[in-house]
Structure formats: structure tokens, C-alpha cells
Amino acid sequence: MSHSTHTYSEVWDLDVFFEGGSGSAEFRAHLEKLKEMKRRFEENAVAFYPPQTGEDAALVWKLIDEAKDVMMNLRQAGAFVSCLEAQDMHDRKANALRGEVTTISADFSSVFTKFQQQLSECSEEVWAELLKHEGLKEIAFVLEEWRQKAKDKLSSEEESLIGALAVDGYHGWGQMYDTIVGTMTIEHDGKNYSVGQANNLLSHPDDNTRKAVFEKLEKAWEEKEELFAKTLNHLAGFRLNVYKKRGWKELLKEPLEYNRMKQETLDAMWGAISKHKAPFVEYLNRKAKILGKEKLTWSDLDAPVAETTSTMSYDEGAAFIQKQFARFGSEMAQFTEKAFEDSWIEAEDRPGKRPGGFCTSFPLSQQSRIFMTYSGTMSNVSTLAHELGHAFHSHALKDMHTLNRNYAMNVAETASTFAEMIVADAAVQEAESKEEKVALIEDKLQRSVAFFMNIHARFLFETRFYEERAKGIVSSDKLNELMAEAQKEAYAGAVDEVHPHFWASKLHFYITGVPFYNFPYTFGYLFSLSIYAKALEAGGDYEEKYMALLRDTAVMNVEELAMKHLGEDITKEAFWEKGIRLCIQDAEEFLELTK
């Protein structure tokens, strides 16, 4: 393995935005300026009424421009605080700043929503006139979306009442979940673990450890199942009631619109996946054999089958990523080099950091920051590539209007998964031993199983739970039954002993911001794999086309996006099969190598 000549900092640079961390005087000044900007927008927005003629376009543009400035400054502030909180979980001042930013954001949001509604209430003729304005024409897609959403909702008085009651109702139940989980501890081997830490032990190489921890987790969820069942029922009940009042018949209306996609597309995606589960079932059965079992149980799913001994220092990992990105395109390579050179990445392995990884953008500075903990595994290298993919997406959008940068969750995972694929594939090709290769391919396969099976199970469960909930409260026994059924179906019988309390253990079911926080992941994964397949076909000159696609991710629905940039109809199963085929190749290679 070549040793890189570069030495990069493993600690990010936040001083370039605001000097002095959570005690920054510069940041304090930024917040005061932000409050002033928000107040000005509020004054002007409160006096705004539905436009009467096309002449009002200049005023509308002026207000949108003011809102855009507030948004960018707010985003900058939110990103800074996220970074402070993540780098040191014990930073009390950062927690106080988070409260302040959240308040500014909530105030602005309610005024901005009112402005959107007022704007949407003008007549069709006036609306058509407004969209002839140069600036408004550029953001027409977003404006049309606002108008449609306003039409679909109740009056602004009723909607703001729902919003106000949701704070202590709907969102209150969501926070309740976090509170309950926060108090739980799992005792193992004389040590106390949080739920998150205990979950990490499920990928432990030792079978007895995995089994013991899984049983303890399942028992812990079971002990509190009545609390979780009540929480989940009230969340769903609130949502269903709001839908009913708005006259919405389709359960998936909100998540589909949020992801700018059609029901046919979702059906085609799951349809294609359901037809091609056999190779993944075969992989899971082979994995069971390697682990010396008849059939896998839930606690074996993340067990390692081969020891991957290969590690890379941070500088070597950086060099490896840059080398692979350079093969794909010069812009991505230069961008990545800059991210490493200018200390955009917080990778140091030290105590007190938050778990997990993320990428956040600082729009005023046209930069991103990446957070993760790098300990030298190939999986860390993939995570780093994944987050750099998110940063590259923001980079591709940097010249777009702020309102044309709000891409939804299903395409949010596209650039990140694409970047991760480039690196994961290269790692497999450059593996120095058979063991190594098996471990790396399995890493890729585990991802496919997560998206095609685990997330499929979540989707099936959530859909059926809502159907039951529409008839009345769903008991914890019934929830366990629905979950076990969904898992057996989604894993196509490959798993013997399932995880009936998964509905209690998965935060995603309790997130209030986004309903059905499941299928967009699978969409993003397969969508990016199809782009990846195209890039492999095209050879070296695909980058410009790829960036053009990224630039359009927030200004059209996904069906149009795929047609325009890939020439593909994604309401048909054939499109989804292309991405699935790449994953099947992994399964076949794994089966070949482990004969």
C-alpha cells in the first residue's frame, strides 16, 4: 500500500466561520444580526396580502430575497452549532446556543409559512403573471409546490392551530420516545451500556456475546413495550386525524410529495426488489453455514464472516479516496483535495464526541464540514467517502438559488452512495487476500440486505400498522405480530428468529418531521446504483452529466429528473432492476469465493 506524502489535520477548522467556539463573540454578533434580519422580514411579511396584479411581482421577489438571506444566515448558524455539539457532547454553551437558534428558526418558520400561504391565495391569472418575472421564473418549480401545498391544506388559521397544538401533542410524543430510550441501560459482562452502545455489540465476532446482548435488548424493549406502544399509537393517531381533517385519503400522500415522487415509482421499486430476493437469501444461507448454523437468527445478521485486518491511517485513507475519485472526474478530485487541505473534516478518535457521522453545509461560506470518528477500518474509509459525496452535492448546487437547493431525502442519499460505491468497489479490487476480499464484499452485501430487506420490512410494517390504526388503538401484541410478519416476508424466510420488538427499538418510526422515514433510503441507494452503472458504461467523461443531474435534484420531481438525465422511466421495474443487478453480482462473487 502506497504511503501518502500528505499529512492532513484530523480536526476540523471552525474558526474560519466564527472564531472562539461556543464562546465566540463573532457568532454572538451573527445571531444578533440574524434576529434583526428576521424581525425586518416579519414586519414586511405581516403587511403582505395576496397579490392582486402582476405588478406585485417586484414586491414578492423582494420578500423572497429577504427570506433567502434569513435562511442562509440561519443555516450557517445551525451548522455551526451542530458542529460544536458534535465535537464535544459536554459543551453546555453549545446546548444553550442550540436553544437560541431553534427559537429563531421556529419564529421565522411560522411567519414564512404564512407568507407562502398568502402568496398562494392569489388568482390563477395573477399567478401566471407573477411567474413571468425574471427572478420568480427561476424558482417557479418551488413556487408551484408551495401553491399546491397551500391548496391541499386547511385555512391558514386552522393550519397554524394544528401547528401550535402539535408542539405539545404530536412532537411531544416524539420527544417522549427519546426520553424513554435515554433512560434505558443494558447490563453485559459487568458493564452498563446505552442502547446505542449495546446495538454495536451485535456485530461482535463472538456468537455468545451477540446472542446474549440481543436477548437483553429484546427483553429491555419488552419491559417498556406498553410505553412505546402508547407513544406510537398517539403519533399515528395525530397524523391520521390531521390527514382526515384535510380530506387526504391516501396514507402516503405526504411522504410521496415530500420526496417528489409518484406512487407508481414506489410500487415499481418494491416490485423489482421483491422479485429478486433469491440471490440475497442464498447469501444469507451461506453466511449461516460459515457461522456453523442451519439458519441465521436476527443476532447473526451483522456478524463478521471474515476477519478484515487491513487498516489505513487517516492520510492513507484520504489518499485512497482521492485516487479513486480522480478516476471518475477532475472536479470531484479537486473538490476532495480542498476538503482535506482546508480541514473540513473532524475525524479524530477521541472521547466526548457524538457517535455517528454527518455532513453539514455553511452556505454563506460555500463550504461544508464533515463529522465522523476515524479509527482506520475500511468501513471508516467508506463512511468518509459517503460524507464527502454529500459535500460534493452541496458543491454542485452552490450557484443555484437558495430555494432551488432543497432536495428531498430520497435524492439526498444519491451523491453520498455514489461516492461510497466508487471507493467500496476499488477496495474490493485492490484487496490483497481472499479473506480481505470476502470481508469487503460482505460489507457491500450487508448494505444491500439493509436496503432490500430490513427497510422493506419497516415499510411493510408501517403501512400495515397505519391501516390497523385507522380502525383503532393497536395493542403491543399486535405490533409485535405485524413486525414479525413483515420481517419474515421481507427477508423471504432467510432469518429464523426475528426481532418482534424492532418497532420499539427503531427511532425512525418516531420521527415527527418526516413520516415514513424508510423507503427514501432504498430509493437513494438504487437510484445512485443506476447512475453508477451508467457511469461505468460511459467511461471517463460522465462527471459533467452527473453534476448536471445533481444541480436539478431540487427543481423537478424524480420521474422528470431520471427521464431528463438518464433517459429512464422509473415508474417501470426495469429501471430498478439495473441497480439490483450490480448487487446481485456481489452476491454471486461472495458465493463463488466462499464455496
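As a reminder, the structure under discussion sits directly above these lines.
Because the structure is predicted, anything quoted here is derived from the model rather than measured.

### A word on the overall build of the protein
Helix and strand content of the protein: 25 helices and 7 strands. For 595 residues, the compact-globule estimate of 2.2 N^0.38 gives 25 Å, and the C-alpha radius of gyration of the protein, at 25 Å, lies within 12% of that figure. By the burial criterion, 55% of the 595 residues in the protein qualify as buried. Residue pairs in contact within the protein that sit at least 24 positions apart in sequence constitute 76% of those at least 6 positions apart. Counting 69 positive and 97 negative side-chain charges, the protein places the centres of these two groups 3 Å from one another.

### Points about the side chain of glutamate 387
For glutamate 387, the position within the fold is in helix 17 (residues 378-396). No salt bridge is formed by the buried glutamate 387; its nearest oppositely charged neighbour, arginine 354, is found at 9.5 Å. Non-local contacts of glutamate 387, meaning those with residues more than four positions away in its chain, are made with Gly357, Phe358, Cys359 and Ile370.

### Structural notes on the layout of surface pockets
Its volume calculated, the second largest pocket comes out at about 530 Å³. Going through the elements one at a time, helix 15 (314-328), helix 18 (409-429), helix 19 (434-469), helix 22 (519-538) and helix 25 (573-593) are the ones with two or more residues in the lining of the second largest pocket. When the residues that make up the lining of the second largest pocket are grouped by side-chain class, the tally is 13 nonpolar, 6 polar and 7 charged.

### Section: the pattern of salt bridges
Counting across every chain of the model gives 45 salt bridges. In this structure, the salt-bridge partner of glutamate 100 is lysine 35, at a minimum N-O distance of 2.9 Å. Of this pair, glutamate 100 sits in helix 3 (residues 92-120) while lysine 35 sits in helix 1 (residues 25-46), and the two are 65 residues apart along the sequence. Assessed through its relative accessible area of 28%, lysine 35 is described here as partly exposed.

### Digging into empty space enclosed by the protein
The rolling of a water-molecule-sized probe over the atoms marks out the regions of remaining empty space. Applying the stated criterion across every chain, the model contains 1 cavity of 30 Å³ or more. If you add up the space inside the largest cavity, you get close to 60 Å³. As for the largest cavity, its lining consists of Met378, Ser379, Ser382, Val423, Ala424, Ala427, Val428, Leu440, Asp443, Lys444 and Arg447. Elements that contribute at least two residues to the lining of the largest cavity include exactly helix 17, helix 18 and helix 19. Across the lining of the largest cavity, the residue classes break down as 6 nonpolar, 2 polar and 3 charged.

### Structural notes on the pairing of strand 6 (residues 367-371)
Here strand 6 lies mainly inside the structure; 5 of its 5 residues are buried. Residue alternation in strand 6 divides its side chains into two sets, Gln367, Arg369 and Phe371 and Ser368 and Ile370, and both sets are buried. Sheet topology places strand 4 (residues 345-346) next to strand 6; 2 bridges connect them, and they run parallel. In the strand pairing of strand 6, glutamate 346 is matched with phenylalanine 371. The hairpin turn running from strand 5 (residues 358-362) into strand 6, its antiparallel successor, is 4 residues long, and glutamine 366 in that turn takes a positive phi close to 50°.

### Considerations on the nonpolar core
By size, the foremost hydrophobic cluster in this structure holds 145 residues, and its most contacted members are Phe228, Leu384, Phe452, Phe461 and Trp503. Sorting elements by how many residues they give to this core places helix 19 first, with 16 residues. Among residues more than four places away in sequence, those in contact with phenylalanine 228 are Tyr177, Ile180, Val181, Met184, Trp221, Trp503, Ala504 and Tyr510. In this structure, Phe27, Ile64, Phe108 and Ile139 belong to the second largest nonpolar core, which totals 50 residues.

### Some remarks on the packing of aromatic side chains
This structure, assessed with the given rule, holds 48 aromatic pairs. With a centroid separation of 5.9 Å and an interplanar angle of 55°, the aromatic rings of tryptophan 298 and phenylalanine 502 are classed as tilted. Of the two residues, tryptophan 298 is situated in the loop between strand 3 (296-297) and helix 15 and phenylalanine 502 in helix 21 (residues 502-505); the sequence distance between them amounts to 204 residues. Each member of the pair, tryptophan 298 as well as phenylalanine 502, is classed as buried.

### Some details on the sheet that holds strand 4
Reading across the sheet, the 3 strands line up as 4-6-5 and stay open at both edges, with mixed pairing between neighbours. Where the open sheet ends on each side, the last strands, each with one partner, are strand 4 and strand 5. Looking at chain direction, strand 5 and strand 6 are connected through 5 bridges and run antiparallel. Counterpart to phenylalanine 362 in the pairing with strand 6 is glutamine 367.

What counts as what
Residues numbered from 1 in each chain as written. Predicted model: local features only at pLDDT ≥ 70, side-chain atom pairs only at ≥ 80, totals over all residues. Heavy atoms only, no water. Helix = DSSP H or I, 4+ residues; strand = E, 2+ residues; numbered from the N terminus. Rg over C-alpha atoms; globule rule 2.2 N^0.38 Å. Buried < 20%, exposed > 50% of the residue type's maximum accessible area, 1.4 Å probe, protein only. Contact = heavy atoms within 4.5 Å. Lys, Arg positive; Asp, Glu negative; His and termini not counted. Charge placed at Lys NZ, Arg CZ, Asp CG, Glu CD. Salt bridge = Lys/Arg side-chain N within 4 Å of Asp/Glu carboxyl O. 1 Å grid on protein atoms, 1.4 Å probe; cavity = no way out; pocket = protein on both sides within 12 Å on 5 of 7 lines; lining within 4 Å. Points joined across faces, edges and corners; volume = space filled by probe spheres on them. Nonpolar A, V, L, I, M, F, W, Y, C, P; charged D, E, K, R; others polar. Pairing = 2+ DSSP bridges. Core = buried A, V, L, I, M, F, W, Y, C linked by side-chain atoms within 4.5 Å. Phe/Tyr/Trp six-rings, centres within 6.5 Å; stacked < 30°, edge-to-face > 60°.

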